[in-house]
Amino acid sequence: MQGLELCREFYRQCAAPAVEKRFGERAGRIAAGLVGQGSDCLGYDDEISRDHDFGPGCCLWLTDEDEEAFGAELRELYASLPAEFMGFRRSTQPQGADRVGVMRISQFYARFTGCPGTPPNEAAWLRVPEHFLAAATSGEVFRDDAGAFSRIRASLLPCYPRDVRLKKLAARVFAMGQAGQYNYPRIVRRGDGPAAMLALDEFARAALSALHLLNRRYLPYYKWAFRSARGLPRLQQAVSELEALFAEEARSGREELIESICGQVRTALAQDELTDSRETFLAAQAGEIMKRIDSDFLKNLGVSVG
């Protein structure tokens, strides 16, 4: 059983009945679910994941007003729920303390976006790392009658606002060109193996982000980046070739793989009407994306900012 299913059942069988009994009509003001950091929220957890932060539990989210009115009472109730469920014990480790339990909606989102809800402007959006937004919109909301939690969640999905997404995409495409097409082959010719691996890493990170942005998705935390990429609806050949870059037998063919991946990204940009240039060097394609940004603030930032 995966963590999300376990937590859903814990809420349905234990938390929800207890909340209804104690709070009556006020129960409808309490949003519930499992969202945030952790492989269980992404649906990627397995047997190895159970060495930390695994166990039955759920998030119970309150508005600031309701937190003041009955937050302490709700915490008391949550603490009284069964310590064991379906053969699994609830996590009491300190690192798991803020993953489940009672929390303010405003504080939950501020942890990821830096503000109590939707980022208020383009600069605020640009500052939020992709993996934080992937976490803030992960998992599942089990109940939200009042809709306060879900309204913010919906405003963050499916991806960044158009111009912010394009600005980040331009930065990633630029990095792909610089690290993969330009620096990697030059470093290889110099015989500096460690530096070549760093260039390859820079290229792969930028490419994984670009592939997610082209699919209008947020890139999750790095250890789940390839797992997430394998589920993207577009550019699966590029994902496979990106994985192949790290195979030992691909050492002599890495430059060809890099060019193929960059070519597929350029094709996707053309399909999305983000370029009309046939330039194969992706750093130049970044400029084409920048031309299509409407925001003067974002247009005036350096191409690599994002």
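What counts and what doesn't
In this convention, every chain numbers its residues from 1, walking through the sequence in written order. In keeping with the predicted nature of the model, local features appear solely for residues at pLDDT of at least 70, side-chain atom pairs appear and are counted solely at 80 or more, and the whole-chain, interface and lining totals rest on all residues. Only hydrogens and water are removed before side-chain values are computed, so all heavy atoms of the structure are retained for them. At least two DSSP bridges between two strands are needed for those strands to be called paired. Starting at the N terminus, helices and strands are each numbered in turn, a helix being any DSSP run of H or I of at least four residues and a strand any DSSP run of E of at least two. Note on geometry: axes are lines fitted to C-alpha atoms, helical ones only across the stretch in contact, with angles between N-to-C directions running from 0 to 180 degrees. Note on contacts: a residue pair is in contact if any heavy atoms of the two residues lie within 4.5 Å. The buried label goes to any residue with under 20% of its type's maximum accessible area, the exposed label to any with over 50%, and the partly exposed label to all in between, with areas taken from a 1.4 Å probe on protein chains only. Salt bridge, as used here: a side-chain nitrogen of Lys or Arg that lies within 4 Å of a carboxyl oxygen of Asp or Glu. Here a cavity denotes a set of grid points, spaced 1 Å apart and computed over the protein atoms alone, in which a 1.4 Å probe fits but from which it cannot get out, and a pocket denotes an open set meeting protein on both sides within 12 Å along at least five of seven lines; residues with an atom within 4 Å of a point are reported as lining. Grid points are joined across faces, edges and corners, and a volume is the space filled by probe spheres set on the points. In this classification, the charged set is Asp, Glu, Lys and Arg, the nonpolar set is Ala, Val, Leu, Ile, Met, Phe, Trp, Tyr, Cys and Pro, and all remaining amino acids, among them Gly, are polar. Ring pairs are drawn from Phe, Tyr and Trp, using the six-membered ring of Trp, whenever the two centres fall within 6.5 Å, and their geometry is named by plane angle: stacked under 30 degrees, edge-to-face over 60, tilted for the rest. Ring-over charges, as used throughout, are those where CZ of Arg or NZ of Lys falls within 6 Å of the ring centre and within 35 degrees of the ring normal. By the definition adopted for this analysis, an angle is roughly parallel if under 35 degrees, roughly antiparallel if over 145, roughly perpendicular if from 65 to 115, and oblique otherwise. By convention the crossing between two helices is left-handed if the near helix lies anticlockwise of the far one by an angle smaller than a right angle, and right-handed if it lies clockwise.

Draft legend 1. The sheet that holds strand β2 (residues 59–62), seen in detail. A sheet is described by the order of its strands in space; here four strands give the open sequence β5-β2-β1-β6, paired in mixed fashion. Looking at strand neighbours, the two that pair on one side only are β5 (101–104) and β6 (140–143), the edges of this open sheet. For this sheet, the mean angle separating the axes of adjacent strands, direction not counted, is 35°. Where β2 lies against β5, four bridges are found, and the strand directions are parallel. By the bridge assignment, L62 is partnered in β5 with R104. Along the sheet, helix α1 (residues 3–23) makes contact with β1 (31–34), β2 and β6, crossing β6 at roughly 25°.

Draft legend 2. A look at unusual backbone geometry. Of the consecutive residues L157 and P158, the connecting peptide bond is found in the cis state with omega at 0°. Along the chain, P158 turns up in the loop between α7 (148–155) and α8 (162–190). We note that R216 has phi near 55°; this positive angle belongs to a residue other than glycine. Following the sequence through the fold, R216 ends up in the loop between α9 (193–214) and α10 (225–229). Even without a glycine there, the phi angle at E273 is positive, about 60°. Along the chain, the position of E273 falls in the loop between α12 (254–271) and α13 (282–291). By relative accessible area, which is 64% here, E273 ends up exposed.

Draft legend 3. Local environment of the pattern of salt bridges. Throughout the structure, instances matching the rule amount to 21 salt bridges. Close ionic contact of R89 with E84 constitutes a salt bridge, the shortest N to O distance being 3.6 Å. For D163, the salt bridge goes to R162, with nearest N and O atoms at 2.6 Å. On the accessibility criterion, R162 (43% relative accessible area) is partly exposed. Within this structure, D276, E288, K291 and R292 form a network of salt bridges that share partners.

Draft legend 4. Local environment of empty space enclosed by the protein. Using the criterion set out here, one finds two cavities of 30 Å³ or more in the structure. Its volume calculated, the largest cavity comes out at about 60 Å³. For the largest cavity, the full set of lining residues is V35, G36, Q37, C59, D98, R99, M103, F108 and R111. In the lining of the largest cavity, the residues fall into four nonpolar, two polar and three charged. Space inside the second largest cavity adds up to approximately 40 Å³. Contributing to the lining of the second largest cavity are Y11, A16, V19, E20, A27, I30, A32, L60 and R143. In terms of residues, the lining of the second largest cavity owes the most to one element, α1, which gives four residues. A breakdown of the residues in the lining of the second largest cavity according to their chemical character gives seven nonpolar, no polar and two charged.

Draft legend 5. Up close: the packing of aromatic side chains. Applying the stated criterion across every chain yields a total of 15 aromatic pairs. An angle of 85° between the planes, with centres 6.2 Å apart, marks the rings of F226 and F246 as edge-to-face. Placement of the pair is F226 in helix α10 and F246 in the loop between α11 (236–244) and α12, with a sequence separation of 20 residues. The partly exposed category is assigned to F246, whose relative accessible area is 43%. The ring of F70 has R26 sitting right over it, with the charged end atom 5.0 Å from the ring centre. Above the ring of Y78, the side-chain terminus of R90 is found at 4.7 Å from the ring centroid.

Draft legend 6. Region of interest: the packing of α8 against α9. At a closest axis distance of 8 Å, the pairing of α8 and α9 adopts a crossing angle of 155°. The pairing of α8 with α9 is recorded here as roughly antiparallel in orientation. The handedness of the crossing between α8 and α9 is left-handed. Residues R165, K168, L169, R172, A175, M176, A179, G180, Y184, I187 and V188 of α8 lie in contact with α9, whose contacting residues are A195, A196, A199, L200, E202, F203, A206, A207, S209, A210, L213 and L214. Its residues assigned to classes, the contact of α8 with α9 shows 17 nonpolar, two polar and four charged.

Functional significance is not addressed by these values, which are geometric in nature.
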